[in-house]
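# A structural walkthrough
If you want the building blocks of each chain, they are given just below.
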Amino acid sequence: MPWCNCCCLGRRRQQQQQHPDDSAPSATAPSGNPRNKVALRPGHSLMDWIRLGNSGKDLTGVGGVPRDVPASELAKHNRQDDAWLAVKGRVYNVTHYMDFHPGGVEELMRGVGKDATSLFNQVHAWVNYESILQKCMVGPLRGGLLFSASKPMQPLTQLLFGKKGEKADMPPPPAKAIEYNPSGTPSLSSAVAPKPSNPRLDWFQQLGAVTLVLYARQVSRIPGKLPPWVRVTLDDGGTKVSILVCNVGGEPGLTYEARLELSAPVMWPCTAVRVHPDSGKVEVTFKKATDVIWKTFGIPDEAHGVISQDVQAESEFWPVHLVEETQVNHNSKVLQFKFSTRVCFTVPVGHHFRVQKDIQGVIVARSYTPIVPSLKSYLYDCDSIYLMVKSYPDGALSSALCNLEIEQKGFEVSRPVGNFDARCLSDASRLCLIAAGTGITPMVRVILHVLADSRKYCKLVKLAFFNKTEKDILWKEQFSSLSQEDERFHVQHILSEASDDWSGTRGRIRTDIIESLLIEKEGLSVTDALKQEPTFFCVCGPTPFTETTKRLLDEIKVPKSQYHCFLG
Ligand code: HEM
């Protein structure tokens with residue numbers, strides 16, 4: 001078994017050892033929490049760094065004129081007061097960045113004077129270094145390979161002298177495509193490992209609605225397989241539809257695109273997108289623009305039916321705008337966004353996406369797990385996204401999000417990212433959720449997913465929710481109402497800085513709190529409790545919280561296959 005599918009932390013480390021140059025999207029922070037970072041001195045936030053970059057100061061140390069850097073020259077700049085490093089074929093002068101580096105000077109020094117690509121990727125492949133360090137670039141590393149990073153690389157001249165916010169104009173590498181072949185046999189398979197078969201297309205209609213159905217491959221629940229998700233787009237005329245199915249047959253990054261020209265226009269947004277993870281069946285329903293029975297659904301367009309290993313996925317971002325906001329507590333809001341173009345996604349339970357914004361010429365990004373409008377009404381428009389955002393005083397992105405005006409644009413979201421397969425919950429009759437702060441966000445859809453299961457197999461969902469003070473607790477009333485409405489759901493609040501009148505549990509994550517989730521009868525051991533009731537744990541919070549909880553679960557001998565840590 002290459003890695004444990006049920007623990008992001010385990011997977012992340014193993015991946016790093018095997019494949020230092022692979023990005024590990026599953027390890028990105030799903031909750032929007034700050035990671036395990038050092039405390040930066042006042043005046044050294046990301047916003048301060050952006051201001052310094054825009055101040056006109058030469059941060060390259062070489063007058064801002066790009067030049068080739070041989071490895072021998074790079075090696076000489078290995079001191080804290082004269083520090084260069086190379087990432088993915090480009091050399092950066094990080095001397096001024098030292099005190100701004102969220103991981104601290106000591107960590108950054110590990111990469112100086114050399115090609116730090118592998119080290120960088122091992123620690124945080126998702127970091128948008130090209131944008132953050134754009135004003136520090138010395139030039140290409142002579143003999144080094146220019147990689148395509150999270151976005152297509154920007155040409156050197158543009159990075160050094162380009163206009164702010166300008167889009168990269170170097171084309172991304174081509175997708176390795178298998179052209180549609182009506183016989184169902186892929187005509188070119190050299191670059192794609194698995195042998196996919198083209199999903200079958202079907203449709204049905206009512207007077208006012210049409211449903212397009214794709215039968216993609218069945219998805220087995222085994223490590224390494226990912227649940228499918230779907231992106232739907234419609235052109236302004238309402239007839240050209242694209243349905244992109246991702247992770248076809250559970251194969252990470254394998255996509256199939258149905259591109260159809262409909263017989264008559266339909267309305268946007270689509271009224272439903274359903275994905276059945278086990279069968280791989282996808283259904284997309286549109287309201288017809290005119291109530292009339294169609295003779296055919298239409299015709300496939302010439303680009304229909306391409307199966308490809310999607311190498312552009314990480315550079316695909318979609319603009320969104322704010323449509324509504326709800327204050328949740330003193331520093332957090334639920335923000336409802338809509339896509340600004342005719343696109344919508346399904347996001348698998350426990351998956352997240354990157355939200356990014358150009359802030360004074362620097363692309364600042366953070367991961368957020370989408371939630372639902374509320375625990376009571378969790379049906380919403382296909383083209384809406386709900387984010388729970390906590391505003392951090394120094395958080396460039398979170399404060400920009402929390403200070404948005406209605407209808408304001410400027411933010412973009414990526415495709416869904418993650419390695420969680422919610423089907424791992426289906427064998428558990430008891431689910432124990434351990435969350436801290438905004439680490440609650442992945443739990444929201446996990447809870448609703450389990451409680452909505454028509455088989456009602458899960459008898460108990462227990463949430464242990466850690467916060468500092470009572471006013472920090474997110475959705476306290478909503479969780480309390482849910483526990484009154486559904487007797488399977490229980491919530492326990494634990495506060496680390498509780499006021500004197502707090503009658504609930506106090507402290508931080510510890511063994512007895514975890515055991516109390518499991519052991520209902522006095523004297524029962526953890527092993528017996530686990531045997532009596534098949535149990536699954538989900539954990540999410542800031543990285544130290546998650547690491548500690550993982551260690552405690554290991555200590556009390558909860559099998560690794562029975563917990564999942566969302567790295568926060
Ligand atoms: C190559 C040597 C480097 C090492 C060993 C290193 C190490 C670290 C560590 C340990 C952290 C904190 C823990 C974590 O977030 O997981 C961190 C955070 C961070 N580092 Fe680095 N770093 C390096 C290079 C860089 C470079 C070149 C940049 C350029 C922009 C950078 C930007 C950041 C950012 C933005 C964070 C915060 C990440 C987040 O909030 O998700 N680091 N780094």
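Since we're looking at a predicted model, the values are computed, not measured.

### What to know about the overall build of the chain
Secondary structure summary: the chain contains 13 helices and 27 strands in total. Expressed as a percentage of its 568 residues, the buried residues of the chain come to 53%. Roughly 25100 Å² of accessible area belongs to the chain as shown, and the carbon and sulfur atoms make up 52% of that amount.

### Some remarks on the environment of His-276
Here His-276 lies in strand E11 (residues 272-276). On a C-alpha basis, the gap between His-276 and Tyr-215 in space is 9.7 Å, while along the polypeptide they are 61 residues apart. Beyond its immediate chain neighbours, meaning those up to four positions away, His-276 contacts Lys-281 and Glu-283.

### Section: the sheet that holds strand E2 (residues 82-87)
Strands sit in the order E1-E2-E3-E4 across an open sheet of four strands; the sheet is antiparallel. With partners counted over all chains shown, the strands left at the sheet margins are strand E1 (78-79) and strand E4 (137-140), one partner each. Pairing of E2 with strand E3 (residues 90-93) involves four bridges; the strand directions are antiparallel. Residue Leu-85 lies in a different strand from E3, and its bridge partner there is Tyr-92.

### So, the coordination of the iron atom of the ligand
Here the iron atom of the ligand is held by the protein donor atoms His-101 (NE2) and His-124 (NE2), which lie 2.0 to 2.1 Å from it. Here the iron atom of the ligand is ringed by six donor atoms whose angles at the metal span 86 to 178 degrees, and the overall shape comes out octahedral. Placement of His-101 in the loop between E3 and helix H4 (105-109) and of His-124 in helix H5 (residues 117-124) is noted, with a sequence separation of 23 residues between them.

### Observations regarding the pairing of strand E9 (residues 240-246)
Most of E9 is tucked away, with six of its seven residues classed as buried. One ladder, built from six bridges, connects strand E8 (residues 229-234) with E9; its direction is antiparallel. Directly across from Arg-231, in E9, lies its bridge partner Leu-244. Linking two consecutive strands that pair antiparallel, namely E8 and E9, is a turn of five residues; a positive phi of about 80 degrees is found at Gly-238 within it. Here E9 runs beside strand E10 (residues 254-262); their pairing, made up of seven bridges, is antiparallel. Along E10, the bridge assignment pairs Val-241 with Leu-260.

Calculation rules
- Residues numbered from 1 in each chain as written.
- Predicted model: local features only at pLDDT ≥ 70, side-chain atom pairs only at ≥ 80, totals over all residues.
- Heavy atoms only, no water.
- Helix = DSSP H or I, 4+ residues; strand = E, 2+ residues; numbered from the N terminus.
- Buried < 20%, exposed > 50% of the residue type's maximum accessible area, 1.4 Å probe, protein only.
- Areas by Shrake-Rupley, 256 points an atom, 1.4 Å probe, with all protein chains shown as cover.
- Contact = heavy atoms within 4.5 Å.
- Pairing = 2+ DSSP bridges.
- Donors = N, O, S within 2.8 Å, 3.2 Å for Na, K, Ca; no water.
- Tetrahedral: all angles 85-135°; square planar, octahedral: opposite > 155°, others 65-115°.

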